[in-house]
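Now for the letters of each chain:
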Amino acid sequence: MGGMGLGTLFVPRWAGDRIPAIRVYALLELGIGLSATVIWYVMPWLGHFYFRSATGGDLDVIARSAICVLLLLPPTVLMGATLPVLARVTGTTAQGVSRLGACYSCNLAGAVTGCLLAGFYLLRIHDAGVASVGAIAISAATAVVGLVIPERSSAGEIMAPSRQDRSDPPERGPSTTWVMVAVALSGFCALLAQVFWTRLLSLMLGGTVYTFSIVLAVYLAGLGCGGSLGSLWARRGSRPWSALGWCQLVQVLAIVWADDLLTRTLPFWSENGGTDPGIGSRFFADLASCACAILPPTIAWGASFPLALAAGASPGADPALGVSRVYAANTTGAVIGAVLATLVLFPALGTPGMEVLLLAGSLAAGLVVVRPRRIWGWGGVIALVGLTILFAAHPSRLPWQLAAYGRHAAEGDQHARVLYLGEGSQATVAVTENAAGSRYFHVSGKTEASSQFYDMRLQRMLGHLPALLHPNPRSVLVVGMGAGVTAGSFLLHPSVERIVICEVEPMVASHVAGFFDAENNHLLADPRVTLVIDDARHFLAKSHEKFDVITTDPIHPWVKGAARLYSVEYLSLCRQHLNPDGFISQWVPFYQTSREAVQSELATFFRVFPDGLIWGNDTDRRGYDSILVGGNQPIRIDVDALEVRLARPENGSVRRSLAKVQLFPAINLLGLYAGRAPELKGWLANAQINDDVSLRLQYLAGESYNSHEGAAAYGELLRFRQFPSDLFVGNESALASLRRKFDLFDPATGGH
């Protein structure tokens, strides 16, 4: 958006009006397509250069910012210049401003189409390469049309130079400066609200890639509809500055409407979290919920832009320069709103503070330009000021049920006690306790960890299993802190000297871990622990350290962005950071997912670790979740040696930790073995591999948010399990006991 603001300010001045505007527009589109092509080839090289030269600290932040500027500024500067250039085609009369507003609305209609086409087809069915080629082809086609179209349209004098436009001087309104202030505040509030409401909607509907596509499409559609209405008013009405002011003032009511629906009504709608009726019906319901909540305010924001153009227009002047001022002011406000919302305002103010800020910003934007001429107009202004004060005194609050249970807010334990609720820059975090005393850690509407038996068993298995497979683990990397139970399990192993925890949300470490001190062995107080607040992939890419054990426990793959921590590239990066005898363990869920998503996760892991193993954590005779284990070398488990190792006095804490979740003696832990890669080649033959270009998993998992196929898939998987004599070795008695453990599995029910 910063690039678009710069483009609208400087490119029209550089181009002037010597070249026909339609030709300049064509050249801009051609430049956008070329920039996209260059980015596709240059980005991998820049990434390689960055990670090789990364030194950590502030220099890394500067380097990352520079790469973003280098990649994104050229195409976005060209994009930003397209609207002012079109203004030279349409002119500065009321009719011309209306036509330009129509162009703005058409542009947003194309954006809505592109958003849905990319999110629901191109990226879902194909990959980023196909989507990029499609976008480049559209830019190229637009450029060709602009180069061959006649300079004067047969439909009329639409191509006539704008300096020939003349009209009677309009009624004098507020100065151009105040119009710029109003439109900048409008942009600030619009992007602030987009960040704010997208966070709430991702909690309510699930943070899938489809939710983000739907929210963005509805937001752009509202801006487009508003742009059309504003253009109509600019053409047929008078006093556009006053209409601009009223658009901002009525936002007060629209903002309260949206916040009330998003925090009080829609999250507790009984249909919202029910059994999945089908992907089409669910997406339509999500689209309707988004539209109901955020269309009214976005329509008003969309109308503000053409009204601001009309209010700031000077007949006879270069229209491109007038449009560039308005567009740059609006974009500047939007950039500030987007950056501050994520980095500062959300963590500092939370939901109530964000609503108050939106109300105050909209009120201020309206008051600086509205000029009532009649008593009823002044009465309306005073009434809206009073309502703003009233609403600001009683702002909406984030329901803890929404933070804890997300889409299932109405179905979750309504009587749980809330121990902590926080809204951070990356996620919304909650800790609750039920009547039985079990504690739960929730991230962005999903339960991520708990002190319940099955969750504790999984969390401890993630740590103890690779630590016991390794003969002498010294260094450990834990990706995703959660409640700290997995990382805390490594503290019990006497050989472990260093534990690095990589967590992206600071609140998890600063506020959550303490609620699970009894389970995580007071993790953060141990001097062996180093906490790194960073994205795991970024940390690994710039680190030269190698580890004996890497355990990776990302959030569920249906959450947008999480699929990057299940990809071939990420797993390959982990393998590069393993010592020669090192092991990796990765969590794979079998709930809220489909068979295809599970198969994709397994096949992707086995692509990098072809001798990988599966350990199951089943519950109620159904698959619940599992752990994948891989290494740089083929794995061989000596049952006798493992029993001897656990019997040593220094491993007493490990024995007690395993016993609390029924994983001791060692035969109980090994009995959860569920299969390995060579046995599953047939079952995984058609599985889709998740890589960075396709990120196929986030689309598969996002479709199956409410599916229960994954649990049944666990039974299918176990049908291929055999007793691997080349994996387990030991005395005949121990191996016979292990075989009996496997024989307890009933393929008909999928459990033990």
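In this text, all values refer to a predicted model and were calculated from it rather than measured experimentally.

Is there a simple way to explain the overall build of the protein chain in this structure?
Secondary structure summary: the protein chain contains 25 helices and 14 strands in total. Computed over its C-alpha atoms, the radius of gyration of the protein chain comes to 29 Å, within 12% of the 27 Å expected for a compact globule of 752 residues. On the principal axes, the C-alpha backbone points of the protein chain span a range of 100 × 55 × 50 Å. Every one of the 752 residues in the protein chain was classed for burial, and the buried ones make up 56%. Sequence-distant contacts, at least 24 apart, represent 80% of the contacts inside the protein chain between residues at least 6 apart. Summing over all exposed atoms, the protein chain offers an accessible surface of approximately 30600 Å²; the carbon and sulfur share of this is 62%. Positive and negative side-chain charges in the protein chain, numbering 56 and 56 respectively, have mean positions lying 6 Å apart.

For this particular structure, what's the right way to read helix H20 (residues 639-647)?
In an α-helix there are 3.6 residues to a turn, and that puts residues three or four apart on one side. When H20 is considered as a whole, its buried residues turn out to be Val639, Leu642, Arg645 and Leu646. What you see down the axis of H20 is that its buried residues fit within an arc of 125 degrees, all on one side. In this structure, H20 carries Val644 and Ala647 as exposed residues pointing more than 90 degrees from its buried face. The inward-facing, buried residues of H20 abut helix H13 (453-469), strand S12 (637-638), helix H21 (652-659), helix H22 (666-670), strand S14 (728-729) and helix H25 (732-743).

Could you clarify how one ought to interpret helix H23 (residues 696-703) in this entry?
Most of H23 is tucked away, with 7 of its 8 residues classed as buried. Along H23, the residues that are buried comprise Arg696, Leu697, Gln698, Tyr699, Leu700, Ala701 and Gly702.

Help me understand a nonpolar patch on the surface in this model?
A cluster of nonpolar side chains, namely Leu27, Leu30, Leu34, Val144, Leu147 and Val148, defines an oily patch on the protein surface of about 550 Å² accessible area. Contributing elements (two or more residues each) for the nonpolar patch: helix H2 (21-53) and helix H5 (128-148). Summarising the element assignment, Leu34 is placed in helix H2. When its relative accessible area of 52% is taken as the criterion, Leu34 is described as exposed.

Explain the state of the cysteines here, please?
A covalent bond bridging the sulfur atoms of two cysteines is what the word disulfide describes. For the structure shown, the criterion picks out 0 disulfides. With no disulfide of its own, Cys225 lies closest to Cys106 among cysteine sulfurs, the gap being 12 Å. No disulfide involves Cys502; its sulfur sits 10 Å from the nearest other cysteine sulfur, which is in Cys574.

Looking at this structure, I do not really get the sheet that holds strand S4 (residues 446-450). What am I missing?
Through backbone hydrogen bonds, the strands of a sheet pair up, either in parallel or in antiparallel fashion. The strand order across the open sheet formed by 4 strands is S1-S2-S3-S4, and the pairing between neighbours is antiparallel. For this open sheet the edge positions go to strand S1 (417-423) and S4, each flanked by a neighbour on one side alone. Going from strand to strand, the sheet's axes swing by 20 degrees on average, the running direction of each strand aside. Pairing between strand S3 (residues 439-443) and S4: 4 bridges, direction antiparallel. Residue pairing in the sheet places Tyr440 in a bridge with Ser450 of S4.

Explanation requested: the nonpolar core in the structure shown.
The nonpolar side chains of a soluble globular protein tend to be buried, and buried together. Ranked by internal contacts, the top residues of the largest apolar core, which has 88 residues, are Trp197, Leu201, Ile294, Trp301 and Leu358. For this core, the element with the most residues is helix H6 (residues 176-205), which contributes 17 residues. The residues contacting Trp197, other than those within four sequence positions of it, are Ile255, Ala258, Asp259, Leu262, Ile294, Pro297, Trp301 and Leu358. Of all hydrophobic cores here, the second largest spans 75 residues; its members include Met507, Phe516, Leu646 and Phe728.

Before we go on, may I ask you to explain the packing of H6 against helix H10 (residues 319-367) in this structure?
Each pair of packed helices can be described by the angle between their axes along with the distance between the axes. Taken N-terminus to C-terminus, the directions of H6 and H10 make an angle of 45 degrees; their axes are 4 Å apart at the nearest point. As summarised for this structure, H6 and H10 are arranged oblique, according to the angle between their axes. The handedness of the crossing between H6 and H10 comes out as right-handed. A breakdown of the residues in the contact of H6 with H10 according to their chemical character gives 28 nonpolar, 9 polar and 3 charged.

So what exactly am I meant to see when it comes to unusual backbone geometry here?
Cis geometry marks the peptide bond from Phe664 to Pro665; its omega dihedral reads 10 degrees. Secondary-structure assignment places Pro665 in the loop between H21 and H22. Phi is positive for Ser444, which is not a glycine, with a value near 50 degrees. On the secondary structure map, Ser444 appears in the loop between S3 and S4. Judged by its relative accessible area of 25%, Ser444 falls in the partly exposed class. Despite not being glycine, Leu695 has its phi angle at roughly 45 degrees, a positive value. Considering the arrangement of structural elements, one finds Leu695 in the loop between strand S13 (673-676) and H23.

Would you take a moment to explain the packing of aromatic side chains for this structure?
Aromatic rings in a pair are described by how distant their centres are and how their planes are angled relative to each other. Enumeration according to the criterion identifies 25 aromatic pairs in this entry. Between Tyr104 and Phe305, the ring centres sit 4.7 Å apart and the planes meet at 35 degrees, which makes this aromatic pair tilted. In this pair, Tyr104 is assigned in helix H4 (residues 94-125) and Phe305 in helix H9 (residues 279-312), connecting sequence segments 201 residues apart. Taken as a pair, Tyr104 and Phe305 share a single burial class, namely buried. The ring of Phe212 has Lys560 sitting right over it, with the charged end atom 5.4 Å from the ring centre.

Any chance you could explain the side chain of Ser213 here in plain terms?
Here Ser213 lies in helix H7 (residues 209-236). Those residues in contact with Ser213 that lie beyond four places of it in its chain are Cys115, Leu116, Gly119 and Phe120.

Help me out: how do you make sense of the pattern of salt bridges in this one?
A side chain with one charge can pair with a side chain of the opposite charge if their charged atoms come near. Counting across every chain of the model gives 15 salt bridges. With its nearest N and O atoms 2.7 Å apart, the salt bridge here joins Arg417 to Glu433. A residue pair is termed long-range when its members are at least 10 positions apart, and Arg417 in strand S1 and Glu433 in strand S2 (residues 428-433) qualify at 16 residues. Judged by its relative accessible area of 48%, Arg417 falls in the partly exposed class. Across the pair Asp535 and Arg564 runs a salt bridge, and its minimum N-O distance is 3.7 Å. With Asp535 in the loop between strand S7 (529-533) and helix H17 (536-542) and Arg564 in the loop between strand S8 (547-552) and helix H18 (568-576), this residue pair connects regions lying 29 residues apart in the sequence.

Honestly, the environment of Ser495 in this entry has me stumped. Any pointers?
For Ser495, the position within the fold is in the loop between helix H14 (485-490) and strand S6 (498-503). When its relative accessible area of 16% is taken as the criterion, Ser495 is described as buried. Separated by 28 residues in sequence, Ser495 and Ala467 have C-alpha atoms that sit 9.6 Å apart. In this structure, Ser495 is in contact with Asn472, Pro473 and Arg474, ignoring residues within four places of it in sequence. Separated by 2.6 Å, the side chain of Ser495 and the backbone oxygen of Pro473 make a polar contact.

It is not clear to me how the confidence of the model for the protein chain should be interpreted in this structure. Could you clarify?
Interpretation of this model should avoid reading the predicted coordinates in detail wherever pLDDT is low. Looking at the protein chain, the pLDDT average stands at 88 and 92% of residues meet or exceed 70. When the criterion is pLDDT under 50, residues 153-168 qualifies, and its contacts beyond four places in sequence or with other chains add up to 28 contacts.

Quick question: what am I supposed to make of the environment of Gln248 here?
In this structure, Gln248 sits in helix H8 (residues 240-265). Owing to a relative accessible area of 0%, Gln248 belongs among the buried residues under this scheme. When the C-alpha positions of Gln248 and Leu363 are compared, they lie 6.4 Å apart, and in sequence the two are 115 residues distant. Once residues lying within four places of it in the same chain are set aside, the contact partners of Gln248 are Ser186, Trp301, Ser304, Ser362, Ala365 and Gly366.

About the cut-offs
Residues numbered from 1 in each chain as written. Predicted model: local features only at pLDDT ≥ 70, side-chain atom pairs only at ≥ 80, totals over all residues. Heavy atoms only, no water. Helix = DSSP H or I, 4+ residues; strand = E, 2+ residues; numbered from the N terminus. Rg over C-alpha atoms; globule rule 2.2 N^0.38 Å. Buried < 20%, exposed > 50% of the residue type's maximum accessible area, 1.4 Å probe, protein only. Contact = heavy atoms within 4.5 Å. Areas by Shrake-Rupley, 256 points an atom, 1.4 Å probe, with all protein chains shown as cover. Lys, Arg positive; Asp, Glu negative; His and termini not counted. Charge placed at Lys NZ, Arg CZ, Asp CG, Glu CD. Arc of directions from axis to C-beta. Patch = residues over 30% accessible without salt bridge, like charges linked within 9 Å, V, L, I, M, F, W, Y side chains within 5 Å. Salt bridge = Lys/Arg side-chain N within 4 Å of Asp/Glu carboxyl O. Disulfide = S-S within 2.5 Å. Pairing = 2+ DSSP bridges. Axes fitted to C-alpha atoms, helices over the stretch in contact; angles between N-to-C directions. Core = buried A, V, L, I, M, F, W, Y, C linked by side-chain atoms within 4.5 Å. Parallel < 35°, antiparallel > 145°, perpendicular 65-115°, else oblique. Left-handed = near helix turned anticlockwise from the far one by under 90°. Nonpolar A, V, L, I, M, F, W, Y, C, P; charged D, E, K, R; others polar. Phe/Tyr/Trp six-rings, centres within 6.5 Å; stacked < 30°, edge-to-face > 60°. Lys NZ or Arg CZ within 6 Å of the ring centre and 35° of its normal. Polar contact = N/O pair within 3.5 Å; in protein donor to acceptor, adjacent residues only side chain to side chain. pLDDT = per-residue confidence, 0-100.

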